[in-house]
Amino acid sequence: MQFFSTRGGEGVSPAEAVLMGIAPDGGLFIPEAFPQFSLSQIAKMARLSYPELSAQVIASFLTDFTYADILKVTREGYAAFSHSDTAPLVSIGDGLFGLELFHGPTLAFKDIALCVLPGLMRLSMEKLGQDKTVLILVATSGDTGKAALSGFTDKPGTAICVYYPKDGVSYAQKRQMITQKGKNVQTLGVEGDFDACQRGVKAIMGDPEMARLVGERGYAFSSANSINFGRLVPQVAYYFSSYVKLLSAGEIELGDQ
């Protein structure tokens, strides 16, 4: 599987896409094709634990890595969740169900991806022989920042800097971020809104001179925002999980939309 920038150009490997976060031309990396699962394959997912199902979905996109490699990452990441089912599907009556995505260490749904992304980056670094520290830049309106800080704190080979609108997050979110302990973490309050933070991160990551300067200091930029496909793909899994749970409960038939 190759990944291509939405602005064209040469393809890169899944490991390169995860480590780079955003394409050098400022585009987003997208896969050359979307994996297809047959109905029989989907039915078999009902027997899998959440880490197993997640690893299967992620491995179908990130073909640089084996299922076993990714399963180790998902098991480690989701061990931090307070619910044994990771993302339980709960009946709320009248044929309606709620998918609970708040059982991670920071109570935000972003934990689903950000407990896994550090492991995917580690695999990518090993695959590519990356000897630089990956400097992760994150723009946040609240939830992503704390989840990213929690996921990457003191992870070898990484450092993380989170930009948040200093007057645009809740008191609790700000306290969550600025009290994060760890030797490789930094938070910065920005004069402006979330869009200003996001524009700033993209501008920094897209600046060749800045890349050269941090490279000379032993760093390489990446991102934990949803501009990074490695951040997005773990979130695909819970749609498969909720579908097969509805199958197992007899609420839908295999093949129903």
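Further up the page is the structure itself.
Residues numbered from 1 in each chain as written. Predicted model: local features only at pLDDT ≥ 70, side-chain atom pairs only at ≥ 80, totals over all residues. Heavy atoms only, no water.

Undergrad: Got a minute to help me understand the overall build of the chain in this structure?
TA: The helix and strand inventory of the chain stands at eleven helices and nine strands. For the chain, whose C-alpha radius of gyration is 19 Å, the value lies close to the compact-globule estimate of 18 Å for 257 residues. Counting only C-alpha atoms and orienting by the principal axes, one finds that the chain spans roughly 55 × 45 × 30 Å. Residues classed as buried in the chain amount to 47% of the 257 residues present. Looking at the chain alone, contacts between residues at least 24 apart form 69% of all its contacts between residues at least 6 apart. For the chain, the accessible area works out to roughly 12,400 Å², and carbon and sulfur atoms hold 53% of it. Taken as two groups, the 22 positive and 26 negative side-chain charges of the chain have centres that lie 7 Å from each other. (Helix = DSSP H or I, 4+ residues; strand = E, 2+ residues; numbered from the N terminus. Rg over C-alpha atoms; globule rule 2.2 N^0.38 Å. Buried < 20%, exposed > 50% of the residue type's maximum accessible area, 1.4 Å probe, protein only. Contact = heavy atoms within 4.5 Å. Areas by Shrake-Rupley, 256 points an atom, 1.4 Å probe, with all protein chains shown as cover. Lys, Arg positive; Asp, Glu negative; His and termini not counted. Charge placed at Lys NZ, Arg CZ, Asp CG, Glu CD.)

Undergrad: Help me understand the packing of helix H3 (residues 50–61) against helix H4 (residues 67–78) in this model?
TA: The description of two helices packed together rests on the angle between their axes and the distance between the axes. Where H3 contacts H4, the two axes come as close as 8 Å, and the packing angle between them is 135 degrees. As judged from the angle between their axes, H3 and H4 are oblique. Helix-helix and strand crossings are classified by hand; for H3 and H4 the assignment is right-handed. Residue-level inspection shows Tyr50, Pro51, Glu52, Ser54, Ala55, Gln56, Ile58 and Ala59 of H3 in contact with H4, the latter providing Tyr67, Ile70, Leu71, Thr74, Arg75 and Tyr78. When the residues that make up the contact of H3 with H4 are grouped by side-chain class, the tally is nine nonpolar, three polar and two charged. (Axes fitted to C-alpha atoms, helices over the stretch in contact; angles between N-to-C directions. Parallel < 35°, antiparallel > 145°, perpendicular 65-115°, else oblique. Left-handed = near helix turned anticlockwise from the far one by under 90°. Nonpolar A, V, L, I, M, F, W, Y, C, P; charged D, E, K, R; others polar.)

Undergrad: I would appreciate a short explanation of the environment of Val12 in the present structure.
TA: When you line up the elements, Val12 lands in strand S2 (residues 8–12). Taking the C-alpha atoms as reference, Val12 lies 22 Å from Val73; in sequence the two are 61 residues apart. Residues within four places of Val12 in sequence aside, it is in contact with Met1, Gln2, Phe3, Ala17 and Phe29.

Undergrad: Please clarify how the packing of helix H7 (residues 143–152) against helix H8 (residues 171–178) should be interpreted in this entry.
TA: It is at 9 Å that the axes of H7 and H8 come closest, and there the two elements cross at 25 degrees. Viewed along their axes, H7 and H8 adopt a mutual orientation that is roughly parallel. Read as a crossing pair, H7 and H8 show a hand that is left-handed. On H8, the residues that touch Asp143, Gly145, Lys146 and Leu149 of H7 are Gln173, Gln176 and Met177.

Undergrad: What is the right way to look at the pattern of salt bridges in this model?
TA: Evaluation of the coordinates by the stated rule reveals seven salt bridges. In this structure, Glu191 engages Lys166 in a salt bridge whose closest nitrogen and oxygen atoms are separated by 4.0 Å. Of this pair, Glu191 sits in the loop between strand S8 (185–190) and helix H9 (194–205) while Lys166 sits in the loop between strand S7 (158–165) and H8, and the two are 25 residues apart along the sequence. Glu191 gets classed as exposed once you look at its relative accessible area, which sits at 65%. Here Lys166 falls in the partly exposed class, since its relative accessible area comes to 31%. Note that Arg212 is salt-bridged to Glu216, the shortest N-O span being 2.4 Å. Note that Arg212 and Glu216 are positioned in helix H10 (residues 208–216) at a spacing of four residues, about one turn of the helix. You can call Arg212 partly exposed: its relative accessible area is 40%. (Salt bridge = Lys/Arg side-chain N within 4 Å of Asp/Glu carboxyl O.)

Undergrad: What's the story with unusual backbone geometry in this structure? I'm lost.
TA: Peptide bonds are, in most cases, trans, and in most cases residues other than glycine have a negative phi. Although it is not a glycine, Asp94 adopts a positive phi angle of roughly 55 degrees. Of note, Leu107 is a non-glycine position whose phi angle comes to about 70 degrees, a positive value. In this fold, Leu107 is placed in the loop between strand S5 (96–99) and helix H5 (111–114). The exposure class of Leu107 is exposed, given its relative accessible area of 63%.

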